[in-house]
Amino acid sequence: MVEALSEAERADALDGLPEWDYDEARDAILREFIFDDFNQAFGFMTQVALIAEKADHHPEWSNVYNRVTILLTTHDAGGLSPRDIEMAEAIEELVE
Ligand SMILES: C[C@H](O)[C@H](O)[C@H]1CNC2=NC(N)=NC(=O)C2=N1
């Protein structure tokens, strides 16, 4: 059973993810990605979908044309867990 991060663990993890914002109400992290066009955005979403399926850890996300907003939290833990951090780090590698 995955556990939610403690406040200290969360602060430490988010130091390494400065592009992500913390949503206290949801105990989640979120980030908006902006691409050149819809094709670029959808290609990114396809890559994230494959990572999510492989990790069995899925984002809550939305897409409007060239923008993709991703929210990560762990339902099984009732909040932010290491799985979300790992997923965010994997996603950052796609856009570096
Ligand atoms: C049964 C399955 O492994 C679980 O429901 C997985 C699927 N993907 C998931 N994704 C997220 N974000 N949180 C979860 O708790 C979660 N649990």
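Residues numbered from 1 in each chain as written. Predicted model: local features only at pLDDT ≥ 70, side-chain atom pairs only at ≥ 80, totals over all residues. Heavy atoms only, no water.

A.B. asks: Account for the pairing of strand E3 (residues 60–64), naming residues and giving values.
C.D. replies: Strand direction decides the pairing type here: E3 and strand E4 (residues 67–72), joined by five bridges, are antiparallel. Across the sheet, the residue bridging to Trp 61 is Ile 70, located in E4. (Pairing = 2+ DSSP bridges. Helix = DSSP H or I, 4+ residues; strand = E, 2+ residues; numbered from the N terminus.)

A.B. asks: Describe in detail the site of the ligand, supporting the description with residues and values.
C.D. replies: In the vicinity of the ligand, the residues found are Asp 56, His 57, His 58, Thr 73, Thr 74, His 75 and Asp 76. In the environment of the ligand, a nitrogen atom lies 2.9 Å from a nitrogen or oxygen atom belonging to the side chain of His 58. His 75 places a polar main-chain atom, nitrogen or oxygen, 3.1 Å from an oxygen atom of the ligand. Bound to the protein, the ligand loses 66% of the 390 Å² it would expose on its own. (Near = heavy atom within 4 Å. Polar contact = N/O pair within 3.5 Å; in protein donor to acceptor, adjacent residues only side chain to side chain. Areas by Shrake-Rupley, 256 points an atom, 1.4 Å probe, with all protein chains shown as cover.)

A.B. asks: Could you give an account of the nonpolar core, with specific residues and numbers?
C.D. replies: Formed by 21 residues in total, the largest nonpolar core has its most connected members in Trp 20, Ile 29, Phe 44, Ile 70 and Ile 91. Looking at this core, the elements that each hand over two or more residues are helix H1 (7–15), strand E2 (28–34), helix H2 (38–55), E4 and helix H3 (82–95). Per-element accounting of this core gives the leading share, five residues, to H2. Ignoring anything within four residues of it in the chain, the contact list for Phe 44 reads Phe 33, Phe 35, Val 68, Ile 70, Ile 91, Leu 94 and Val 95. (Core = buried A, V, L, I, M, F, W, Y, C linked by side-chain atoms within 4.5 Å. Buried < 20%, exposed > 50% of the residue type's maximum accessible area, 1.4 Å probe, protein only. Contact = heavy atoms within 4.5 Å.)

A.B. asks: Give me the lowdown on the sheet that holds E3, citing residues and values where you can.
C.D. replies: Paired through backbone hydrogen bonds, the strands of a sheet run either parallel or antiparallel to each other. Ordered in space as E1-E2-E4-E3, the four strands form an open sheet in which the pairing is antiparallel. The sheet terminates laterally at strand E1 (21–23) and E3, the two strands that pair on one side only. Across the sheet, the mean angle from the axis of one strand to that of its neighbour is 20 degrees, orientation sign disregarded. With three bridges joining them, E1 and E2 adopt antiparallel strand pairing. Bridging from a neighbouring strand, Asp 21 pairs with Leu 30 of E2. Each of E2, E3 and E4 touches H2; the most contacted strand, E3, lies at about 165 degrees to it. (Axes fitted to C-alpha atoms, helices over the stretch in contact; angles between N-to-C directions.)

A.B. asks: Describe the environment of Phe 35, and please don't skip the residues or the numbers.
C.D. replies: Locating Phe 35 in the fold gives a position in the loop between E2 and H2. Along the sequence, Phe 35 and Val 95 sit 60 residues apart, while their C-alpha atoms lie 9.8 Å from each other. Beyond its immediate stretch of four places on either side in the chain, Phe 35 contacts Gln 40, Ala 41, Phe 44, Asn 66, Val 68 and Val 95.

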